[in-house]
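Residue-level structural notes
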Amino acid sequence: MPSHLIKQTFLEKLRLSGFRVIAIEVPGYNEKLNEKYRSIVKNYISKSISEKMEFVKEILQDCEERIERGKDYVSQGYDLVFVYLPMPDIAEHLFYKGIKDRIYLYSIHKKLEKLISPLLNMANENNYVSLIVSDHGFDFENYYHSDYGFYSLSKNIMWFKPRGITDFRNLIIRLINTSIENI
């Protein structure tokens, strides 16, 4: 993203307002490795399952490093810690054909759950509100992204009824500007 547009993002606006904000590999904002993964995933679609698994293993290692960095920022008390993970999206593009692929994909989801849990637990212990967003699901019949996504929020916030991905911007800004007890 060009620097003049980055300055218009809610992350930069929060930072300029004095909030401690960190973004780890956020698409369109400061990603580096995600671009690499997206550009080479097509090379792995026709590879053997063991080659696909090695590629996924590399990405899972990167996810683990991102999560560790996120934990470090939570422990430092940052106001917003934004961590982007390229899984399971990449794995869904590679493992979609048969029952063995689906079983392996399930195991990747379980590994991600195990990787993410310590960060979510730490965030909860430090009174953070955790938000997990998927901008899309995966349509296994068409082997591509679905038209729907999902989200999970660690606090029940009655007023929040998102209609689109951009609604999360307002939620995040409101949560940072208002203590959770007043919501």
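Before going into details, it helps to say that this report is about the structure given with it. All values derive from a computational prediction rather than experimental measurement.

**Considering the overall build of the chain**
Secondary structure summary: the chain contains 7 helices and 6 strands in total. Residues classed as buried in the chain amount to 36% of the 183 residues present. Expressed as a percentage of contacts within the chain between residues at least 6 apart in sequence, the contacts between residues at least 24 apart total 57%. Of the roughly 11400 Å² that the chain leaves accessible, carbon and sulfur atoms contribute 52%.

**Focus: helix H4 (residues 49-75)**
In an α-helix, one turn spans 3.6 residues; hence positions three or four apart end up facing the same way. Between the first and last C-alpha of H4 there are 38 Å, a value that for 27 residues agrees with the 39 Å anticipated at 1.5 Å per step. Of the residues one or two after H4, Gly 77 is the one with positive phi, at around 80 degrees.

**Some details on the packing of helix H3 (residues 33-44) against H4**
The N-to-C vectors of H3 and H4 enclose an angle of 165 degrees; their axes lie 11 Å apart at closest approach. Between H3 and H4, the crossing angle belongs to the class labelled roughly antiparallel. For H3 against H4, the interelement crossing comes out left-handed. Contacts between H3 and H4 involve Leu 33, Asn 34, Lys 36, Tyr 37, Ile 40, Val 41 and Tyr 44 from the former and Glu 51, Lys 52, Phe 55, Glu 58, Ile 59, Asp 62 and Arg 66 from the latter. Residues that form the contact of H3 with H4 fall into these classes: 7 nonpolar, 1 polar and 6 charged.

**Concerning the nonpolar core**
Ranked by size, the top nonpolar core spans 27 residues in total, and within it Val 56, Met 87, Ile 90, Phe 95 and Ile 108 carry the most contacts. Put simply, the parts of the chain that give this core at least two residues each are strand S1 (21-24), H3, H4, helix H5 (89-94) and helix H6 (99-125). The biggest single contributor to this core is H4, with 8 residues. Not counting the four nearest positions on each side in its chain, Ile 108 is found in contact with Val 56, Met 87, Ala 91 and Phe 95. Counting 11 residues, the second-largest nonpolar core is a separate cluster that includes Phe 10, Val 21, Val 26 and Ile 172.

**Brief notes about the packing of H4 against H6**
Contact geometry for H4 and H6: axes closest at 9 Å, N-to-C directions at 10 degrees. In terms of their interaxial angle, H4 and H6 are classed as roughly parallel. Contacts between H4 and H6 involve Ile 49, Met 53, Val 56, Leu 60, Cys 63, Glu 64, Ile 67, Gly 70, Lys 71, Val 74 and Ser 75 from the former and Asp 101, Tyr 104, Ile 108, Lys 111, Leu 112, Leu 115, Ile 116, Pro 118, Leu 119, Met 122 and Ala 123 from the latter.

**Here's the deal with the pattern of salt bridges**
Taken as a whole, this structure holds 7 salt bridges when the rule is applied. One salt bridge connects Arg 38 with Glu 31, and the closest N-O pair in it is separated by 2.9 Å. Judged by relative accessible area, which is 44%, Arg 38 ranks as partly exposed. The exposure class of Glu 31 is buried, given its relative accessible area of 11%. Of the charged contacts in the structure, one is a salt bridge between Asp 62 and Arg 66, with a shortest N-O distance of 2.7 Å. Here Asp 62 pairs with Arg 66, and both are found in helix H4, just 4 residues apart, close to one helical turn. Of the two residues examined, Asp 62 and Arg 66, each falls in the buried class. The structure contains a network of salt bridges with shared partners spanning Glu 25, Asp 62 and Arg 66.

Rules used in this analysis
- Residues numbered from 1 in each chain as written.
- Predicted model: local features only at pLDDT ≥ 70, side-chain atom pairs only at ≥ 80, totals over all residues.
- Heavy atoms only, no water.
- Helix = DSSP H or I, 4+ residues; strand = E, 2+ residues; numbered from the N terminus.
- Buried < 20%, exposed > 50% of the residue type's maximum accessible area, 1.4 Å probe, protein only.
- Contact = heavy atoms within 4.5 Å.
- Areas by Shrake-Rupley, 256 points an atom, 1.4 Å probe, with all protein chains shown as cover.
- Expected span 1.5 Å × (residues − 1).
- Axes fitted to C-alpha atoms, helices over the stretch in contact; angles between N-to-C directions.
- Parallel < 35°, antiparallel > 145°, perpendicular 65-115°, else oblique.
- Left-handed = near helix turned anticlockwise from the far one by under 90°.
- Nonpolar A, V, L, I, M, F, W, Y, C, P; charged D, E, K, R; others polar.
- Core = buried A, V, L, I, M, F, W, Y, C linked by side-chain atoms within 4.5 Å.
- Salt bridge = Lys/Arg side-chain N within 4 Å of Asp/Glu carboxyl O.

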